[in-house]
Amino acid sequence: MGKHRAIHWFRKGLRLHDNPALLKACEQASELYPIFVLDPWFASSPQCHVGCNRWRFLLQALQDLDQSLQSLNLRLFVIRGQPEVEIEKLCQQWSITKLTYEADTEPYAVQRDAKVEARMEALGVEVIKCVSHTLFDVNLTVKNNGGCAPLTYQKFQSVLSKMGTPAKALLSPTLTDLEGCKTPVSSSHDQYYGVPTLEELGKSSSDCGPLLFPGGETEALDRMERHLKKINWICNFEKPKTSPNSLSPSTTVLSPYLKFGCLSPRLFYHRLQQVYSGKKHSQPPVSLHGQLLWREFFYTVGAVTPNFDRMKGNPVCRQIPWGSKPEHLEAWTEARTGYPFIDAVMTQLRLEGWIHHLARHAVACFLTRGDLWVSWEQGMKVFEELLLDADWSLNAGNWMWLSASAFFHQYFRVYSPVAFGKKTDPNGDYLRKYLPVLKKFPAKYIFEPWLAPSSVQQAAGCIVGKDYPRPIVDHDRARQENIKKMAAAYAAAKSSNEGSPVKTSGGGKKKLSTELDKQPNKKLKK
DNA sequence: ACGCTTGTTGCCATG
DNA sequence: TCATGGCAACAAGCG
């Protein structure tokens, strides 16, 4: 007989499969209250960086969750208010003895959960939290690396290699698991605890783009299985060889589902392993396993690095004197840089909420070290709003990567806003899809419409400077100037030892002398 | 200690 | 079509 009255608090981890905390909630419970806490005030506040598409995804995920729970005689409660306040009230109202949830390593979540735990302690409610959002417990990974985060993928892999394979994914709870356990539901449940509409959150569904990636666990599992059927594709997958500008996604687009936890990374990992088994297959970092490891890498570093989403006070981030040109940031954000590839990607992002990883590279490089010299933090905030898969650790980590602020340092490798897109879309079909104003340009000019003779512009019905912007900067010149600025920032960091992630030796003497370096090595063998 | 190798995904010219 | 080197030259890890 169940003696517990339990709350399972969904935050991320919007799924029933591989949800150890949910299973813990079911154990010896006579009453189980699955809740999700939503602060409607936050949804409409200016501090909220969640665009309409992602709200829609979340609400769909919650709907799907409620459906699945109903088939287990359970119901989801969507609670309106602040978590620490509302959960305390509910514990008293429902005489709760046990609270379970999935561990979350993001700083705001760590703080929030600490507050909740303190209140639960005072109330005498048992709190159980489980790791299921990442392949491993990232704090254990850090511990196994000697107490600091591994800052290269290689180092990260070598730490993981000592940790074995990730835990197997757990099954969803069944009616048998839940025997004698139900959610007490009143007739006014939907009125008070139903999944809200976009309108209730002050959003309008007319602001959303086409529904390409419906939210929820059901869709996540379908999507994963659809891809896993393509055995050769899975085994040969190499991320850098996929196209950033195909007309339909060249990768799985499971990222939004992983972000919200509609899909367990451990389930995906082991399902991939099953497909790989006995076959020749690609390897990390480029394989699909490798993609899960990248996610894990940034989660791990993000969990233990102070100020990970900022430049100042961030020990892994190079300090770079980014400029502030609001009009440049605005043009980039609003897809009017005058570089069709950049503008098409930014249009797809705003409209659909997902762009290919390499497309993110191109626009991130363009905004920061490549062309506009705008801080990566600014770009990160735009992605935070518009991406369905906006994930705090990955977003900050990748923006630092692309801006050569951390992890990646070869700042003279700059993506060309013209040449990069041409490689995989020589005809410019992707540009025509997202920038219809350029539709009639011949392939020869569509990546650089400002070079088209005026007769061509007229025939295309698009005059550059009138119907489509001129290039916001001259790429070649901007690139050269920015490389110089990056070199200066790197040199400054070296001489002051500031922004250098890991302290090596003492002072800043280092090399003055390429001369010395060129001298023959006079060391004698033995 | 210091030199060497490597680094998921650049671009361009050359062969 | 693909591989290579120059570009101007970085950080981190390893031995």
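None of the values given here were measured: they were computed from a predicted structure.

Quick notes on the rules
- Residues numbered from 1 in each chain as written.
- Chains lettered and ligands numbered in written order.
- Predicted model: local features only at pLDDT ≥ 70, side-chain atom pairs only at ≥ 80, totals over all residues.
- Heavy atoms only, no water.
- Salt bridge = Lys/Arg side-chain N within 4 Å of Asp/Glu carboxyl O.
- Helix = DSSP H or I, 4+ residues; strand = E, 2+ residues; numbered from the N terminus.
- Buried < 20%, exposed > 50% of the residue type's maximum accessible area, 1.4 Å probe, protein only.
- Axes fitted to C-alpha atoms, helices over the stretch in contact; angles between N-to-C directions.
- Left-handed = near helix turned anticlockwise from the far one by under 90°.
- Contact = heavy atoms within 4.5 Å.
- Nonpolar A, V, L, I, M, F, W, Y, C, P; charged D, E, K, R; others polar.
- Domains from an automatic or database assignment.
- Buried area = accessible area lost by both parts, 1.4 Å probe.
- Polar contact = N/O pair within 3.5 Å; in protein donor to acceptor, adjacent residues only side chain to side chain.

1. Things to note about the pattern of salt bridges
Thought 1: Scanning the model with the defined rule gives 25 salt bridges in all.
Thought 2: For Glu200, the salt bridge identified is with Arg80, shortest N-O distance 3.0 Å. Remark: Arg80 occurs in strand β3 (residues 77-80) and Glu200 occurs in the loop between α8 (189-193) and α9 (217-228); sequence separation between them is 120 residues.
Thought 3: A salt bridge links Glu448 to Lys422; its shortest N-O distance comes to 3.3 Å. With Glu448 in the loop between α21 (443-446) and α22 (454-460) and Lys422 in helix α19 (residues 419-424), this pair connects stretches of sequence that are 26 residues apart.
Thought 4: A residue is classified by how much of its surface remains accessible, and Lys422, at 32% relative accessible area, is partly exposed.
Thought 5: If you follow the salt bridges from partner to partner, you end up with Arg11, Arg112 and Asp113 in one network.

2. Thoughts on the packing of helix α15 (residues 340-352) against helix α16 (residues 357-370)
Thought 1: Running from amino to carboxyl end, α15 crosses α16 at an angle of 115°, the nearest separation of the two axes being 10 Å. Between α15 and α16 lies a crossing of left-handed hand. For the pair formed by α15 and α16, the contact residues are Phe341, Ile342, Val345 and Met346 on the first element and Ala359, Ala362, Val363 and Phe366 on the second.
Thought 2: Its residues assigned to classes, the contact of α15 with α16 comprises eight nonpolar, no polar and no charged.

3. Describing the domain arrangement of chain A
Thought 1: We note that the domain assignment places domain 1 (1-132), domain 2 (134-174 + 217-304) and domain 3 (326-517) within chain A.
Thought 2: For domain 1 versus domain 3, the separation of C-alpha centres amounts to 39 Å.
Thought 3: At the interface, eight residues of domain 1 touch 11 residues of domain 3.
Thought 4: Here domain 1 packs against domain 3, burying approximately 790 Å² in sum over the two surfaces, 55% of which is carbon and sulfur.
Thought 5: Looking only at domain 1, the three residues that lose the most surface to domain 3 are His49, Asn53 and Arg54, adding up to 60% of its buried area.
Thought 6: Counting across the domain 1 and domain 3 interface gives one salt bridge.
Thought 7: One salt bridge connects Glu384 with Arg54, and the closest N-O pair in it is separated by 3.6 Å.
Thought 8: Our count for the contact surface shared by domain 1 and domain 3 stands at four residue pairs in polar contact (both at pLDDT 80 or more).
Thought 9: In terms of residue class, the side of domain 1 that touches domain 3 is built from three nonpolar, three polar and two charged.

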